[in-house]
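Residue-level structural notes
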Number of protein chains: 2
Amino acid sequence: MDYTYLLLLAVVLLSTKVFGVLTEHVHLPQVVGALLAGIVMGPSGFGVLQSTDFMVKAAEIGVIMLMFTAGIDTDMKELKATGVQASVIAVLGVFVPLLLCGGLYFAFFCGGEFTAYNLLRSAFMGSVFSATSVSITVETLNEMGKLKSKTGTTLLSAALIDDIIGIVVLSVLSAFSSGDSDPVMVMVRIVLFFAFVLVVGLVVRRVFSYIAEEHWHSRRVAVWALGFCLLMSYCAEAWFGVADITGAYFAGLILCNVTKARRFVAKKFTVTSYMVFTPVFFASVGMKTNLRDMNGDILVFALLLVAAAVLSKVAGCGMGGLACRMSRHQSLVVGIGMVARSEVALMVAQRGINAGMIDPSILPAIVLAVISSALLTPVLLKMAISKGPELA
Amino acid sequence: MDYTYLLLLAVVLLSTKVFGVLTEHVHLPQVVGALLAGIVMGPSGFGVLQSTDFMVKAAEIGVIMLMFTAGIDTDMKELKATGVQASVIAVLGVFVPLLLCGGLYFAFFCGGEFTAYNLLRSAFMGSVFSATSVSITVETLNEMGKLKSKTGTTLLSAALIDDIIGIVVLSVLSAFSSGDSDPVMVMVRIVLFFAFVLVVGLVVRRVFSYIAEEHWHSRRVAVWALGFCLLMSYCAEAWFGVADITGAYFAGLILCNVTKARRFVAKKFTVTSYMVFTPVFFASVGMKTNLRDMNGDILVFALLLVAAAVLSKVAGCGMGGLACRMSRHQSLVVGIGMVARSEVALMVAQRGINAGMIDPSILPAIVLAVISSALLTPVLLKMAISKGPELA
């Protein structure tokens, strides 16, 4: 038996934490540290880390657990109370980046040919940048005492809907990229998948509510939830050809209604993720970010992608705000607040690579754009809030 | 990409929990349920579960995390306060089962040939049954209000030392079975390993104590501990040819001195273990327990092994008690209290199979003996305590 995987896993855990400490010292998000660990220890750098079958699978489980957690952390009450305003902001905030970032990719890499494959590749690239990560914004708003403002709550609701629309877009793209060329069949599969989620959801929610009534604090509930989450991921992928992470997200969304066990389950998932699986995922994205493949073309594309990623969210969400009669200042703040991308963007990129829709050589550009968006958000947000009138 | 591993993992998690509920209903330990799940869903039963590379590695990480937890849960104060009595009980409690169960194997499967290979195989089989699992006894004594009695505390101390001697024996056997035929070199490697543990221990304990001073409740400490644990497992295996689980146990033993972070780290390990890795380990032992290989010989051997496993601990520990001037009744209670085997025995068996020292066809007998010992302990213990004089 070869024991190298123990060494590799140890290096992943230790290096992501060392780089995490370093990036924290200069006030960068921990994700950046974990990505850097993968870049520095991987093929681009010292070459200590290699991608093995075990690593690939552990990383995928990491993605699945993250998406489940995103689902189960959804505040259903808030989602139901969401008004037209937040929905319009979310829709425009998904589709403007989809068009702009996708269009940029098309212009650069598709030679002007409107084939189905080229459009699908471009749409995949666009969908990477359609998913907002709101945690950095929440932190910044909280720090400035603006989280409970009207603008702040609208922003949070919009981010919730943004997640769901993003997931639906990803499902559609995944279904189209899974080899089946007949668009009607693909649409049928997607519809069947959502019907499946609905039926399973109704049953499983009841079963879990019943179990949770007495045993909500039992280890068993958390393990059952993980089993269910993996099963949904498998079914989404193997039966319907939509992404496994879509299945995981909906598994989480179904269980977010089991109020009694919800927090306990989410906590156990979080511990298991950060102990092993999430570091492996981030490090593996870093490892794939092969800087040696970088050339002039990709560098120019990367810089334009950063601009497109940032501006498209500001424009999309800002237009949404204006359309719903928010003030220009409020619209700008909402737009900037939705700029940051993080885990979900990286997961969609990972998914695109697995599906053969994103060329791994583009990954450095994607990682750069994701990191830049996360770094720029708090800076821009503070400027926009402090330079304008008092935020309502 | 093949997503079957998600399905397999889901089946492992769900089936071990379903069988766990069933065995709990008839007051059997959960481990029995998890083993049964592996037997029923594996090649012996429905054949749904197969052993894949991912499963094998996840199971090994499960073993490593269990051994680390055993190490970090060691109560150093109690260990230091342990008297001659507990030590004598532990030593006899390790070596009598080693001789008796090993001898039984020799008599059955070695055709009377005293070759080094045969002796090593027999010793491996013996060492499987030298490790006590005291948790069932603790539960029983607690229930009867005898845990704080003199006999109870002696029993617990003896179980602590039992673990350490068992680990040392395993290291020696592993080192001898790792291909190097020169006994002097093997002894040198073992000595070097313990010197390595000592030096690393002194350094790492300081580093962790320093970090834990401020950050004992930070996720990072737990992840660092896991990194360290995996690194020690790898070094033990790859550099010194002693078992990876020995490395993991000593990693835990080193960190059990970091009083501030200890409980936090142990908790995070426990959650990560029971969420994913431990069920995979137990199910994989169950899967290897191929009942279709059973024949008359192995069945007879299995029944004798049950008797040897139980009687050798009662005799060994009981003699230890008598030698230290405990009463006959106290000695009997101590002996019975040490009978139960569980995880550690299965881990050593797993290790023996990996090292080519235990034939997988014997596994059903081992699993039967381990389960029987765990089931008999509370019954015998209650009888011994209630039928004798008041326990001091």
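Residues numbered from 1 in each chain as written. Chains lettered and ligands numbered in written order. Predicted model: local features only at pLDDT ≥ 70, side-chain atom pairs only at ≥ 80, totals over all residues. Heavy atoms only, no water.

The next subject is the overall build of chain A. A tally of regular secondary structure across chain A gives 16 helices and zero strands. On the principal axes, the C-alpha backbone points of chain A span a range of 60 × 50 × 50 Å. For chain A, the residues scored as buried account for 60% of the 392 residues in total. Restricting the contact set of chain A to residue pairs at least 6 apart, pairs at least 24 apart contribute 81%. A total of about 15500 Å² of accessible surface is found on chain A, and carbon and sulfur atoms cover 66% of it. Counting 27 positive and 23 negative side-chain charges, chain A places the averaged centre of each group 9 Å from the other. (Helix = DSSP H or I, 4+ residues; strand = E, 2+ residues; numbered from the N terminus. Buried < 20%, exposed > 50% of the residue type's maximum accessible area, 1.4 Å probe, protein only. Contact = heavy atoms within 4.5 Å. Areas by Shrake-Rupley, 256 points an atom, 1.4 Å probe, with all protein chains shown as cover. Lys, Arg positive; Asp, Glu negative; His and termini not counted. Charge placed at Lys NZ, Arg CZ, Asp CG, Glu CD.)

Across the contact, 50 residues belong to chain B and 50 residues belong to chain A. Approximately 4700 Å² of surface area, both sides summed, lies buried where chain B meets chain A, with 79% of it carried by carbon and sulfur atoms. Considering only the surface of chain B that becomes buried against chain A, Tyr-3, Arg-220 and Met-275 of chain B emerge as the three largest contributors, covering 14% of it. Put simply, chain B and chain A have two salt bridges between them. For Glu-24 of chain A, the salt bridge is made with Arg-220 of chain B, and the minimal N-O distance between the two is 3.2 Å. At the boundary of chain B and chain A, one finds four residue pairs in polar contact (both at pLDDT 80 or more). Among the elements of the structure, α1 (4-25), α3 (53-72), α10 (219-238), α12 (259-288) and α15 (343-354) of chain B are those that each provide at least two residues to the side of chain B that touches chain A. Residues that form the side of chain B that touches chain A fall into these classes: 31 nonpolar, eight polar and eleven charged. (Buried area = accessible area lost by both parts, 1.4 Å probe. Salt bridge = Lys/Arg side-chain N within 4 Å of Asp/Glu carboxyl O. Polar contact = N/O pair within 3.5 Å; in protein donor to acceptor, adjacent residues only side chain to side chain. Nonpolar A, V, L, I, M, F, W, Y, C, P; charged D, E, K, R; others polar.)

The next point concerns the packing of aromatic side chains. All names here are of chain A. Summed over all chains, the structure comprises 38 aromatic pairs over all chains. Relative to Phe-240, the ring of Phe-196 has its centre 5.1 Å away and its plane inclined at 45°; by these criteria the two rings are tilted. Placement of the pair is Phe-196 in helix α9 (residues 183-215) and Phe-240 in the loop between α10 (219-238) and α11 (244-255), with a sequence separation of 44 residues. For Phe-196, a relative accessible area of 19% gives the class buried. By way of ring pairs, the aromatic residues Phe-193, Phe-194, Phe-196, Trp-239, Phe-240, Tyr-249 and Phe-250 are connected into one cluster. (Phe/Tyr/Trp six-rings, centres within 6.5 Å; stacked < 30°, edge-to-face > 60°.)

The predicted model of chain A has a mean per-residue pLDDT of 91, with 99% of residues at 70 or higher. Two numbers describe this predicted complex: its pTM, 0.91, and its ipTM, 0.91. (pLDDT = per-residue confidence, 0-100.)

So, on to the environment of Thr-272 of chain A. Take Thr-272 of chain A: it is sitting in helix α12 (residues 259-288). Along the sequence, Thr-272 of chain A and Gly-62 of chain A sit 210 residues apart, while their C-alpha atoms lie 9.0 Å from each other. Leave out the neighbours within four places in its chain, and Thr-272 of chain A touches Met-65 and Phe-277 of chain A together with Val-271, Thr-272, Met-275 and Val-276 of chain B.

Now for the nonpolar core. Grouped together as the largest cluster of nonpolar side chains are 293 residues, with contacts concentrated most on Phe-129, Leu-255 and Ile-366 of chain A together with Phe-129, Leu-255 and Ile-366 of chain B. In contact with Ile-366 of chain A, not counting residues within four places along its chain, are Met-125, Val-128, Phe-129, Leu-305, Ala-349 and Ile-358 of chain A. (Core = buried A, V, L, I, M, F, W, Y, C linked by side-chain atoms within 4.5 Å.)

Turning to the relation of the copies chain B and chain A, a few remarks are in order. For the pair chain B and chain A, the superposition axis carries a translation of 0.0 Å, the fit reaches an RMSD of 0.0 Å, and the rotation angle comes to 180°. Taken together, the rotation and translation relating the two chain copies correspond to the operation of a two-fold axis. If distances are taken from each C-alpha of chain B to the rotation axis, the shortest is found for Thr-272 of chain B, at 2.4 Å. Residue by residue, 100% of the interface of chain B is reproduced at the interface of chain A, so both copies engage with the same surface. (Least-squares fit on C-alpha atoms with pLDDT ≥ 70 in both.)

Residue and element names in this part refer to chain A. Under the counting rule described, the total for this entry stands at 14 salt bridges over all chains. Lys-313 serves as the salt-bridge partner of Asp-162, at 2.9 Å between the closest nitrogen and oxygen. With Asp-162 in helix α8 (residues 150-177) and Lys-313 in helix α13 (residues 296-323), this residue pair connects regions lying 151 residues apart in the sequence. Relative accessible area serves as the criterion here: at 0%, Asp-162 is assigned to the buried category. Exposure remark for Lys-313: the relative accessible area of 0% places this residue in the buried category.

Let us now look at α10 of chain B. Between its terminal C-alpha atoms α10 of chain B stretches 29 Å, which fits the 28 Å expected from 20 residues at 1.5 Å a residue. Burial of α10 of chain B is extensive: 17 of the 20 residues sit out of reach of the surface. (Expected span 1.5 Å × (residues − 1).)

All names here are of chain B. Mapped onto the elements, His-27 comes out in the loop between α1 and α2 (30-41). Overall, His-27 belongs to the exposed group, its relative accessible area being 74%. Put simply, His-27 and Leu-375 are 348 residues apart on the chain and 9.4 Å apart in space, counted from C-alpha to C-alpha.

Time to look at a positive patch on the surface. A contiguous patch of positive charge, built from Arg-263 and Lys-267 of chain A together with Arg-263 and Lys-267 of chain B, is present on the exposed surface. Elements with a contribution of two residues or more to the positive patch: α12 of chain A together with α12 of chain B. Residue position: Lys-267 of chain B is located in helix α12. Lys-267 of chain B gets classed as exposed once you look at its relative accessible area, which sits at 56%. (Patch = residues over 30% accessible without salt bridge, like charges linked within 9 Å, V, L, I, M, F, W, Y side chains within 5 Å.)

In this section: the side chain of Asp-244 of chain A. Along the chain, the position of Asp-244 of chain A falls in helix α11. When residues no more than four places from it in sequence are discounted, the contact partners of Asp-244 of chain A are Glu-60, Ile-64, Ser-233, Ala-236, Glu-237 and Arg-351 of chain A together with Tyr-3 and Leu-6 of chain B.

Turning our attention to the packing of helix α1 (residues 4-25) of chain A against α12 of chain A. Residue and element names in this part refer to chain A. In the contact formed by α1 and α12, the axes pass within 9 Å of each other and the chain directions differ by 80°. In terms of axis orientation, α1 runs roughly perpendicular to α12. Within the contact between the two elements, α1 uses Leu-9, Val-12, Leu-13 and Thr-16 and α12 uses Met-275, Val-276, Pro-279, Val-280 and Ala-283. When grouped by side-chain class, the residues that make up the contact of α1 with α12 number eight nonpolar, one polar and no charged. (Axes fitted to C-alpha atoms, helices over the stretch in contact; angles between N-to-C directions. Parallel < 35°, antiparallel > 145°, perpendicular 65-115°, else oblique.)

Take the side chain of Lys-313 of chain A next. All names here are of chain A. Within the structure, the side chain of Lys-313 is placed 3.0 Å from the side chain of Thr-132, a separation counted as a polar contact. Here the side chain of Lys-313 touches Asp-162 through a polar contact of 2.9 Å, side chain to side chain. When sequence neighbours within four positions are dropped, the list of residues in contact with Lys-313 reads Gly-93, Val-94, Pro-97, Phe-129, Ser-130, Thr-132, Asp-162, Gly-318, Gly-335, Met-338, Val-339 and Arg-341.

Turning our attention to the packing of helix α3 (residues 53-72) of chain A against α1 of chain B. The geometry of α3 of chain A relative to α1 of chain B is characterised by a closest axis approach of 11 Å and an angle of 70° between their N-to-C directions. Between α3 of chain A and α1 of chain B, the crossing angle belongs to the class labelled roughly perpendicular. Considering how the two elements wind past one another, α3 of chain A and α1 of chain B form a crossing that is right-handed. Taken together, the residues of α1 of chain B that come into contact with α3 of chain A (itself represented by Lys-57, Glu-60, Ile-61 and Ile-64 of chain A) are Tyr-5, Leu-6 and Leu-9 of chain B. By residue class, the composition of the contact of α3 of chain A with α1 of chain B is five nonpolar, no polar and two charged. (Left-handed = near helix turned anticlockwise from the far one by under 90°.)

Residues and elements named next belong to chain B. In the structure shown here, the tally under the stated rule is zero disulfides over all chains. Cys-229 carries a free sulfur, and the closest cysteine sulfur to it, the one in Cys-235, is 12 Å from it. The buried category is assigned to Cys-235, whose relative accessible area is 7%. (Disulfide = S-S within 2.5 Å.)

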